[in-house]
Every structure is written in C-alpha cells, then in structure tokens.
Amino acid sequence: MVAQTRAGNSAPKRLAFNEKIVGKGFATDALLKKLKALHTELAELDQELVDVNSLSSVRTQLVNTSILLHKDRGVKAYAACCLADILRLYAPDAPYTHTELRDIFQFFFRQLSAGLRGADASYYNEYFHLLESLSTVKSVVLVCDLPHAEELMVDIFRDFFGLVRRDLAKKIEIFIADILVALIDECQALPSEVLETIMAQFMANDAVRYQPAYRLAVQVCNATADKLQRHVCQYFTDIIVAHSQDSDSESNFEEIRKAHDLVKQLSRSCPSLLHSVIPQLEEELRVEEVQVRLIATQALGEMFSEKGGTDLVKKYPTTWNVWLMRKNDKSAAVRLKLVESAKGLLVNLHDHRDTVDVDFLRLKLLDPDEKVRAAVCKVYSQLDYETALHHVPEDQLRSVAGRGLDKKNSVRVEALNCLGKLFSIAYPEIENNDPAAIKHFSWIPNEILHIPNSTQEARLAAEQVIADFVFPLPSASSASTSKSVDVDEVVWTDRLLNTMGYLDDRGVNAVLLLSGIKGSRPSPYELYLQNCIQNNGGIIDDNEEAVKQRLNNVIRHISRQFGDPQKAAEDLHAFAKANENRLYKLLKTCLDTQTDLKGFVKASNEFLRRVEQTSESILGTMTVFLRRATLRVVNQSSIPTLIKRVQRTDSKHAQILLTYISKHCPALYKPHISELTKAIADEKNPRLVEAGMQALAAVSQSDEALAINEKRTLERVMRYVLGSNARVAKFAARILVASKDHDDLCAEAVESIAERLSTAQPDLLVAHTAVLAQFARLAPDAFERKSDVLMAFLIKKLLMVPSPPDPNEMDTEVDWVEDEDVSPRLRARILALKVCRNRCLAHASTDTALEVATPVLKMLSTLIDHGGSYSADATDDSKIKSRMRLQAAISLLHLSVVDKFANVINTNFILLAITVQDPCYNVRMEFLMKLFPLLTARKLPPRYNLIPFLTVHDPEADVKSRVSAILCFVVLMCDALAGPARVELFEIIFIRLLHLLAHHPDFSTAHENLQEMAKYIEFYLDLIASSDNVSLLYHLAMKAKTVRDAQSHTYSENLYVMSELAQELIKARAQARSWSLQSYPGKVKLPSDILRALPNPEAATKILKTVYLPKETSAWLAESSKSQKPVGASKEKRREPREHKDSKSLPKRKASRPRANGNNKRAKTARWQSDQSESEEEPSSDDSEQEDREETPAKADSEHGDVPTGQESDEEDASEKKTERSRKPSRKAGTRAKVKCFLCVLPSLISLPTGKNQQAS
C-alpha cells in the first residue's frame, strides 16, 4: 500500500511506552497494567503526527500467541484495543502479514462475541472502543484482501447478527451496521452465505421493526442496495428454479411461498433491493402453473396493499396492470387472492381507488365463484368508517347489499355482515345527524330488513346481522363477564327510533315482526319450555305419552322455521333431554314479558354461556331460539322512553310502536300504568293522549286487575268518550267498558250520545258513531237502552241518505279515496255499518240473534249486490260506493263466524265471494287481507276457503303470487289436522268450486270463456292436488254429474259443463305427473245446501250419457293432454316477485265489475295499509277489539315486500323439472316446498294447530 502523506511540519510524536509485554514470569495483574497503559497512550496518538517506527516493538509483541491466547479476559480486551489502535495509526498500510491479519480479526470478533454485553458488564468500555475503531477507521475492510476472506466474512456477519440481538445500545448497533456495510462495499464477490444470513433476518418469526437484528438487516440492505440488487434477484431465482422442477410436491411450493414471503418483507423495508425481482414476479403471473400464479398474485397483492404501494405502482406500472388482469384468471383461487388484497388497495392507493372499486371489485361481485363474491363483501366489511364514507361510492355499497339475495348462503352471510358492520361504525355519526353519514349509510337497515322475504337461510343471516349490528343489546360484551350489568335503556330505545326513521313501510313492518311483540300468548317457545319442564328429561310420572307427544309437536312446529329443520329438532330434543333447571329458569326469565332490559341482558348472556359450556353443539340453534322467542328489540323497559318521545313533533315511530304494543302485547304496560294515566291528562298533547288512551284501553281489557277505577281518571275518560276525537273516544269507550262501574258509566254515555247525535257536527258524529260501535259489541245492555233511537238515526239519517258525486269533481273515473282523504260523513257511514255488525255479534248467543241480524244481513247483501248502494239505480259517488261495499263484505265475513248467521249468508255466498274480483284494486286487497286471518284461524266455514282461488285472473300479478303463498301456508297448517278434518277444509270444497263457477256472472259455454274457467280449476289443482288426493278430486268432479243444482235447471247444465272440464283437467294433470288415477274407495257426502238429488234413474242415465262440453273445448283439452303439460302452462310463466325500488305505491289495475276476469286495466293508485296505522274508526279497519288483535299474514307481508312463490333460480328450476316425473310427492311434501319461503316472512303468525274457535291473534 502507498503510504499516506503526513500533514503539517510538526515533528512526529514517538511512543513513550518501552516496556516488554511478552516474556516469562509476567503476572496477570502486571501485564494488565502494562496493556492498559499502552492502550491509553496509543489512543491519544494522532494518526497524522505519530512516528510509526516507534510502534514496531509493541505491534510485534501484541500479535504474540501468549497475548492473543491469554486466559484473562481483561488482557485480551486491552490487547484488542491496542491492536485496533495500531491499525488506526498505520492506516492505510497494515504492518502485519495476511496470516497475522487473519488472526487479528478473528481475535477481534471473538472478543466482541464473547464479551460485549450490557453497559454494566466487565470491560464494556474496551469492547465499545474496539467496535468504534473498526467502524470509524474502517480497518475491517482489510478482511476483503485476505486469503479465504469469504469464510471470515461469513463468520463476521453471523457473529454480528447474533451479537446485535443482545439488545445493546443504539450506538453499538450503528457501529455494527457501518462495519457490515463497509465489508459489502469492499468485497469483490459477496459470499452466498452472507446473503443468506442477511435474508434470514427478514424470515425470522420475530422479524419486526423493533427487533434489533431485523433493524440491522434493514440498515445494511438499504445502505448497499445498489450492490445487493443483483445478488437478491439471483437468490430469489435460485430458489424458484430449485423448487419448481417437481410441481407436484407441496413442500416445493412451500419453499417458493417462503421466498415470496421474503420478497414481501423486503418490499416493506428495502424496496430498492427488488428492482430486478418485481419483473420476475410479473412473469410468474403469466405462467401456466396455478400454484405459482397463486403465490405471485398473493405476494404482489400484499405488496401493492402496503403503505408504500403507491410508489410500487408508479415504479412498476406494467406489473400493476398485469396483476389487475388476474381478475379474469381462469382459476377461482387466483381471483380470490386478488380480491383479498383489495382492502389495502382501497386504504393506501389513493390514486387508484376508482380502478380498484369500479373496474375490479364491482365486477367481482358478479363472479361465477361464490368464494370470490363472498370475499368482495368481506373486503368492504373490513374498511374503516372514513374509507367507506369517502372512497366507496354508495351505489357500490348497494351492489353489495344486492348480494344479500345471492343463491349461496356464504355470500349472503358475508354481504349482510358487511352491511351490518358498516352501519354499526357509522351509527354514531348518523345519530349526530351528519348529512354525509346519513346519505351513505342510513339506508342499510332498510335493505337488510327486506332480505327475510327469500329463504330460511337468508332470514337467519339477516336476523343475526340485525341482532348484532343494527339493534344490538346494550353492554352485551361486558355483561358476559360481569355480574353487574349497567345498561342505558334510553340510548337503546332511541337507537331503535332513530333507525326506524330511515325505514320505509316494509322495513318498519319487518322490525315489528322481528320484535316478537305480535303472536299468541303463550307463544310456541313458551309452550316448548313448559313441555321441557313436564318432560323432566324423559322421567315422567303421569301421562307419559301425552307429554312426549306435546313436546314432539311443539318441536316439530318450531324447527320448521330453521334453515335445517332436522338439526334444529335434534338440538331442541337434546336441550330438553339435558333437563338443566338453571337453564330453564334463565330461559323463563328471558321469555317473561315483565323482565326489564337489564334482567334480560344478564339472563340471556348467562343462558348462552351455560349452553356453550354444557353442550356447545346446540349453541347455534338455541341462540336463534332465544333471539326469536324474546323481546330483544322492544320490551317493557322501552315504554317510558317511548311515552316521552311520542310528545315530539317527529314522534311517528314512537307512536307506531306504542300502537303495535297496544294491539298485540299490552302486558308490557303493566309496570307503567301510572305513567299512562299521567299521559292522558296532558290534553295539550293530542298524540300523547291518543297513545296513552289506546294503551290503557288495551291493558284494561287484557287484565281486569289493571282496569281504571280511579274517579278523577274516569271523569276524564268520560269527557274523551263524548269528545270529537274519534280514536280517543273509541279507546275511552273501551276503558269505560272495563271499569268496575261500567254499566252505569256506559249507560250514561249512551244517553248523552243519543241526545246529541242528531245535532252533532261531522267530526263529533264520527266520534259518537265510533263509541257506539264499541258499546254495541262490548256493552250491549247499555246500548240496547237506546237502540231504537240510535239505530233509527244511523240507518235512516246516515246510511240511507243518498251520496251523489261532487259536481265540482274533475276526475269522475276515480273509484277510491285514501283513508286520510275520507270525508267525516263517509267515515261515519262506514262506522255505522260496524255498529250494525257489532250489535249482531253481541246478540249471537241469544234467542233474538236472527231477529236482530236478519235486517242487517239483508242490508249488507244489498250493498254488495248494488255495488255499494241500496238500489240498482242509485247515483251515489263511486268512491263512496267502493268504501261501502268493502265494509259490507268485511262485515259479512265477520258475521259468518257465527254458524246461525253463516247459514243465512250462505244464500248470498257467491255474491260475497266475487268481491275478490271487484273492479277496485283496494277493495279486492282489503277484502283478502281481512279474509286470511279468519281462514288461518279456521273461524269460517270450509266453503270460504274457495274465495282466494278466484284471484287467478286478477290484473295484478302480485295479488296471485301473494294469495298462492298464503294459501300454501293455510294448507300446511291444516296438514297437522286429522285426515277427515283436513279433507273437509280443502278437498271436499272442490265440488263447491265447480258449483260457484257454474253460477259465476262470467260463465258461458263459449270456448274462450271455458278456457278462462279452466284457469280457476288449474289454480286450485296447482295448490291442492297431489298423488294422494287426485282420485278424490276426480271422484268429486264426476259426482257433479249425478246431482242437480238446487236453484235452476240452467245452472245444472253449467255445473255439468264444469264437471266434464274438471275431469279432463285432472286426467291431464295426472298423466303429466305420472299419478295413478284410481277409483276412490270411500264415500263422499255432497253439500245439500247447493245440490239436490236427481228425480229418477232415467234422468241420471241421460245426464251421464250426455256430453255438455263443447267439441272445440274437448279438442283443446285433448291437445293439451298429448303435450303432457298442465293446461295454461305455456301462458303461466314462472315469475320472480317484483321488488319495488321505492316505498311509493305503484299504479294498480282495475278488475272490471261486469267481467270478473279482469279485462279492464285502467291504472289506479293505491297503497297498502300499514299494520300500525290500522284503526277502527278509519274506513279500512275493523271496529271490534277482536279485529284489532287479528292481523292477516298476507297483509303483514304485503307491507314487508312481495311474498316469494317458492321459485328458485333457473338452474334449480331445471333440476326440479328433470326429477319431477320420477317422484310422487304427497300433498304435504309438495305444500312444504311451496310454503318454504312464505314461512320466512310470517314467523310470528305460525301457531300450533288449535281448535276452530281460537283467536287469530
């Protein structure tokens, strides 16, 4: 080496130390003292001013083996420092041979490895000096010129990475980094073992930023990136090549995966090392081997998703584009890995969010693979609030919501969870009325609440999300681990009200259904608990078979509502068998309507925790059971807050909830009677008074012990009874009826109303009539004291008064008026009809029942016959007529519940039945909505089950779809009955259907007309016919030609035509479905009220031999039979239920009055009456308390969305058609398939089979 030029003219300074340090007889202490003195003097010498010749003696002695191999640590420590100083002073020339240098550096690193510890360790300062000297002087680079330098470098790197893990001072870490960087910079060829040592730091399990070895590796790599780039690329390539020879070996792929994990780590810390590696990853994206593409896609995805991803995309745009193209990879696994990276892309790639969101994720929401679709939904669920708000468009979130109706359950679950989580994190801002949050997220609960219309699985997923994220129980997380549960009932209730503020009518009704408020008490869940206690784990003392049968029945009923009924039934049986008394007690507490929120949270958490501990396999089923069985959305703790909130101007939903509770679960008011009593005293707040009166009326009637008897309160109630607010007056009348002195109070009220009625103003007249409707039903003795005066006024001065159309009315075609637009006069007339009806019902059990009812029945029939007027030539307003005939028809339905009235009404049954074909859409729908709860409760005679089948020609397709689903539900409920009873309800009435069609106003023997008539029969057969009952139906069709019509010969011939038509349709259906059409072995009694026996055998023979069906119709039926398709199959296309995009009602088409088949299709605006707005003084509602408690399944669903018809996707349709001919399902099995979706919508309406007279509620 060339000697370095000395600076300055100062005389060189010589080393003063001249003692010997090598020789025999030196004591360790003496040697240590000499070395310390030498080190002190050498350290003070300046490299520029030293006379190196004076160092010759000590430099030679220092490399003596007696020094380098001395047993004392201190001697070696000071010797190392002295050698380091010698190299510093001689620099850049080394005064040693290569062998001596090798020994020296090995000596250095041995001392550092063995001795460098914490600051309190022995000789720490000497080791620090040695390391500092190597770092600053860079004498360590001499290693690179030594023979076998590679081996020494490997040892140095290994020793230093081991040394740095001792958590030494930050400065030591810097010295080590400088030394390693100097070695890499100066070496001619970097040993592969050195690179492996460095790379190993990135692959260690503890490779994190705060780990010293990882930190050291990062510093070294970043400082030497230019030199290491090529080596790193070669290192990566060698691994890929070495392990890609055997592509079938999983271990090889594991090594390749580890190599890519290394690349990901380097990308986070040392991206500059990957200049040549990234293009190689790009090439891997194009290879044929799926596993390699998969690994490369995942690695690049994670790299792009990191915080430095933006720089990576800018630096390697081609790689970015090639990676994005993997969204169309033929392998679903590759597409899945691409999607899984999207969260980081949305968060970190600010300039590419549109590309990721619109061009990538939106496309993958429709991916053929369900895992990919589910992964997209999961990506959005992982976003934070700010990212979701500012960087995910609302329409994209709505697209995710659309996946809530996906065919695959895994996708539905992820989509709904995503929506729920986003709403949960956004709710605090929504509650604070942040406009951006409201616009972006407030619609989410509404979308989730629309989901349960589809399948059981979708319903379960939606319920879970609603429970976890939309309406979570307060303090649920902390309550499970804490004995004392502190809950904020006000916040909990306000969250419900705030959320309901952003729901449409369907959403609100879905919340009401999910609340569990509606339903019979005891509920099926309470019956299950009672039966579990009686079952006693299978150890039963008395009536063992009956107890077990009851338990099996209720389990079978409850399990129908689960996605996997068999698993649910097994779990419910297992719970009963476990017979845990503590669990029974906790469940009873949860089911009790008087349990407050705090008690419910505590009991439910303990219940689920104990179930998990005792039998984890049934936890899922019992969680769903608990959620459906309990009042977890609204309970008695909500009442005080609801009463306070109803006083606000924006109190709509608080009033809806209170109204709903009053109708279906007034027991919740039991602890709050005093608050309700105070509420009705606040006459300045009419909304509060109305809600309070309705609540008190409901609780008074549900429990006599809670009736209002306090004098001042009753005086106030009496004022309300005589007031002009119809709703308040109606509820006040009920409170009077329930009081202790109700006879005198009601009589006093009737007297006052009788005196004022004739001079009452319109609003007061409505209120008085509403009160009379209550008294006529609930206090008949008081009403009868003035019945002659009251009924005379109502009939002569109110009902019989003509109602000509308004001459100033512009639109004379309108035949319906909405509830809010009904005039007081018309409202009073409708309520007058209810007075008549309720009076008949009140006298139903008396000897004078028919005497009272006959004129009323005649009046109601006349109204229907004349379209809402009392004479055929009346010129009444069409809007008034539609309301009047609707109320007349509904009244006849309720009167038909009484057998003696039903027999009289039967003479006009056909007239009543074809109300479902009324020209006015609202009349048709309201009539159906009142009919179905009576059918479901089996209160009406079996012949009324025919009426829904007349909707087959309704101009509105959704009417038929709803009717189909509800009929399936009714049929399924009837399947639990004994055989003869079930047959009487639906099979035997088939001949009544033929008779009704024979009397139908549209009937004629023209071929086109008979084709229309055939659709009625087809609709009936679609829902009722099966391989089990087809022989009976065919037998009934044939028997129709063995009798005559009770009314006239003309109708008899019509009946024979329908008989032949039905026989042919049944034969065609049996042939198409490969059903065996055998002779019916039993005996059937035909209805004598509509049919008569033929006069003689000759007449019977003649009729049987005569063909009444026209030849053209016979040919048409024969052609249809050859094609082996049910008649009308080509015309009746399968259709999905329509989803209305907004809450506004769509125009409804009218069914022409003269032609009930509905050819007239003029548009008519209509709206569904929501459950909560139903009130008895309003034209579309009923006036009796019983009707207040009755709700129609179809009505609840109509507000909740279109009822599914059980039709699945096109693929599933094809599969079902393929296997249809090879199986022969029973009617029960077929009905279950049809009603599967409908059961999702009506959980609260399903009740165990009961007697005919059970309340619908």
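The rules behind each value
- Residues numbered from 1 in each chain as written.
- Predicted model: local features only at pLDDT ≥ 70, side-chain atom pairs only at ≥ 80, totals over all residues.
- Heavy atoms only, no water.
- Core = buried A, V, L, I, M, F, W, Y, C linked by side-chain atoms within 4.5 Å.
- Buried < 20%, exposed > 50% of the residue type's maximum accessible area, 1.4 Å probe, protein only.
- Helix = DSSP H or I, 4+ residues; strand = E, 2+ residues; numbered from the N terminus.
- Domains from an automatic or database assignment.
- Contact = heavy atoms within 4.5 Å.
- Salt bridge = Lys/Arg side-chain N within 4 Å of Asp/Glu carboxyl O.
- UniProt positions renumbered as here; feature names shortened; annotations may be inferred.
- Patch = residues over 30% accessible without salt bridge, like charges linked within 9 Å, V, L, I, M, F, W, Y side chains within 5 Å.
- Areas by Shrake-Rupley, 256 points an atom, 1.4 Å probe, with all protein chains shown as cover.
- Lys, Arg positive; Asp, Glu negative; His and termini not counted.
- Charge placed at Lys NZ, Arg CZ, Asp CG, Glu CD.
- Phe/Tyr/Trp six-rings, centres within 6.5 Å; stacked < 30°, edge-to-face > 60°.
- 1 Å grid on protein atoms, 1.4 Å probe; cavity = no way out; pocket = protein on both sides within 12 Å on 5 of 7 lines; lining within 4 Å.
- Points joined across faces, edges and corners; volume = space filled by probe spheres on them.
- Nonpolar A, V, L, I, M, F, W, Y, C, P; charged D, E, K, R; others polar.
- Expected span 1.5 Å × (residues − 1).
- Arc of directions from axis to C-beta.
- Axes fitted to C-alpha atoms, helices over the stretch in contact; angles between N-to-C directions.
- Parallel < 35°, antiparallel > 145°, perpendicular 65-115°, else oblique.
- Left-handed = near helix turned anticlockwise from the far one by under 90°.

> Help me out: how do you make sense of the nonpolar core in this one?
Nonpolar side chains tend toward joint burial in soluble globular proteins. Among the nonpolar cores identified, the biggest contains 366 residues, and Phe105, Phe108, Ile198, Phe202 and Phe990 are the most heavily contacted of them. Among the elements that make up this core, the one with the highest residue count is helix H4 (residues 73-90) (twelve residues). Lining this core are residues from two domains, each supplying at least three of them: domain 1 (12-189) and domain 3 (977-1121). Those residues within four positions of Phe105 in sequence are excluded, and the remaining contacts are Leu87, Leu134, Ser139, Val140, Leu142, Val143, Leu146 and Leu152. Counting 37 residues, the second-largest nonpolar core is a separate cluster that includes Leu551, Val554, Leu586 and Leu626.

> When you look at the pattern of salt bridges in this model, what are you seeing that I'm missing?
One side chain can pair with another of opposite charge once the charged atoms of both are near each other. In this structure the tally under the stated criterion is 46 salt bridges. For Arg293, the salt bridge is made with Asp329, and the minimal N-O distance between the two is 2.8 Å. With Arg293 in helix H14 (residues 290-305) and Asp329 in the loop between helix H16 (317-324) and helix H17 (332-340), the pair connects residues that are 36 residues apart, well separated along the chain. Of the two residues, Arg293 and Asp329, neither departs from the other in class, the shared state being buried. The salt bridge partner of Glu463 is Arg627, with a shortest N-O separation of 3.6 Å. Placement of the pair is Glu463 in helix H26 (residues 456-470) and Arg627 in helix H35 (residues 619-629), with a sequence separation of 164 residues. Each member of the pair, Glu463 together with Arg627, is buried.

> Could you clarify how one ought to interpret unusual backbone geometry in this entry?
Residues apart from glycine generally show negative phi values, whereas peptide bonds are mostly found in trans. In this chain, Ala91 is followed by Pro92 through a cis amide linkage whose omega measures 5°. Take Pro92: it is sitting in the loop between H4 and helix H5 (98-115). In the segment running from Arg521 into Pro522, the intervening peptide bond is cis, with an omega of 5°. Relative to the elements of secondary structure, Pro522 occurs in the loop between helix H29 (505-514) and helix H30 (524-535). Of note, the phi angle at Asn579 is positive, near 55°, even though the residue is not glycine.

> Is there a simple way to think about the UniProt feature "coiled-coil region" (unreviewed entry) in the protein chain in this case?
UniProt's feature table lists "coiled-coil region" (unreviewed entry) at residues 28-55, given in the numbering used throughout. Secondary structure over residues 28-55 splits into 61% helix and 0% strand, and the C-alpha atoms at its two ends are 23 Å apart.

> Help me understand a negative patch on the surface, please; the structure alone is not making it clear to me.
Where like charges cluster on the molecular surface, the negative patch consists of Asp741, Asp743, Asp744, Glu748 and Asp781. Per-element tally for the negative patch: the top contributor is helix H42 (residues 742-756), with three residues. For Asp741, the position within the fold is in the loop between helix H41 (726-738) and H42.

> Which parts of the structure should I look at to understand the packing of aromatic side chains?
Aromatic rings in a pair are described by how distant their centres are and how their planes are angled relative to each other. Per the counting criterion, the structure on display carries 22 aromatic pairs. Their ring planes at 80° and their centres at 5.3 Å tell us that Phe109 and Phe160 sit as a pair that is edge-to-face. Taken together, the residues span a long stretch of sequence, with Phe109 in helix H5 and Phe160 in helix H7 (residues 149-163) at a distance of 51 residues. For the pair shown, Phe109 and Phe160 are each scored as buried. Taken together through their ring pairs, the aromatic side chains of Tyr525, Tyr528, Phe575, Tyr584, Phe607 and Phe625 make up a single cluster.

> Help me out: how do you make sense of empty space enclosed by the protein in this one?
Under the definition given, this model contains ten cavities of 30 Å³ or more. Of the volumes computed, that of the largest cavity is approximately 460 Å³. Along the walls of the largest cavity sit 35 residues, with Gly516, Tyr525, Arg628, Ala629 and Thr630 positioned nearest its centre. No other element matches H26, which puts four residues into the lining of the largest cavity. For the lining of the largest cavity, a count of residues per class yields 14 nonpolar, twelve polar and nine charged.

> Explanation requested: helix H32 (residues 565-578) in the structure shown.
In an α-helix, one turn spans 3.6 residues; hence positions three or four apart end up facing the same way. Taking 1.5 Å as the rise per residue, H32 with 14 residues should run 20 Å; its terminal C-alpha atoms sit 20 Å apart, in good agreement. What H32 keeps buried is the set Ala568, Ala569, Asp571, Leu572, Phe575 and Ala576. The arc that holds the buried residues of H32, viewed along the axis, is 165°, so those residues lie on one side. Of the exposed residues in H32, the ones pointing more than 90 degrees away from its buried face are Gln566 and Lys577. In this structure, the buried residues of H32 make contact with H30, helix H31 (544-559), helix H33 (581-591), helix H34 (597-614) and H35.

> Which parts of the structure should I look at to understand the environment of Leu1091?
Mapping Leu1091 onto the fold places it in strand S2 (residues 1091-1093). Accessibility expressed as a relative area gives 5% for Leu1091, which makes it buried. With sequence-adjacent residues up to four places away left out, Leu1091 is seen in contact with Ile991, His995, Val1043, Arg1044, Ala1046, Leu1055 and Leu1086.

> Explain the packing of helix H55 (residues 1007-1024) against helix H57 (residues 1049-1072) here, please?
When two helices pack together, their arrangement is captured by the angle between the axes and the distance separating the axes. Their axes nearest at 10 Å, the elements H55 and H57 cross at an angle of 50°. Taken as axis vectors, H55 and H57 run oblique relative to one another. Between H55 and H57 lies a crossing whose hand is right-handed. Within the contact between the two elements, H55 uses Leu1010, Met1013, Ala1014, Ile1017, Glu1018, Leu1021 and Asp1022 and H57 uses Val1057, Met1058, Leu1061, Ala1062, Leu1065, Ile1066 and Arg1069.

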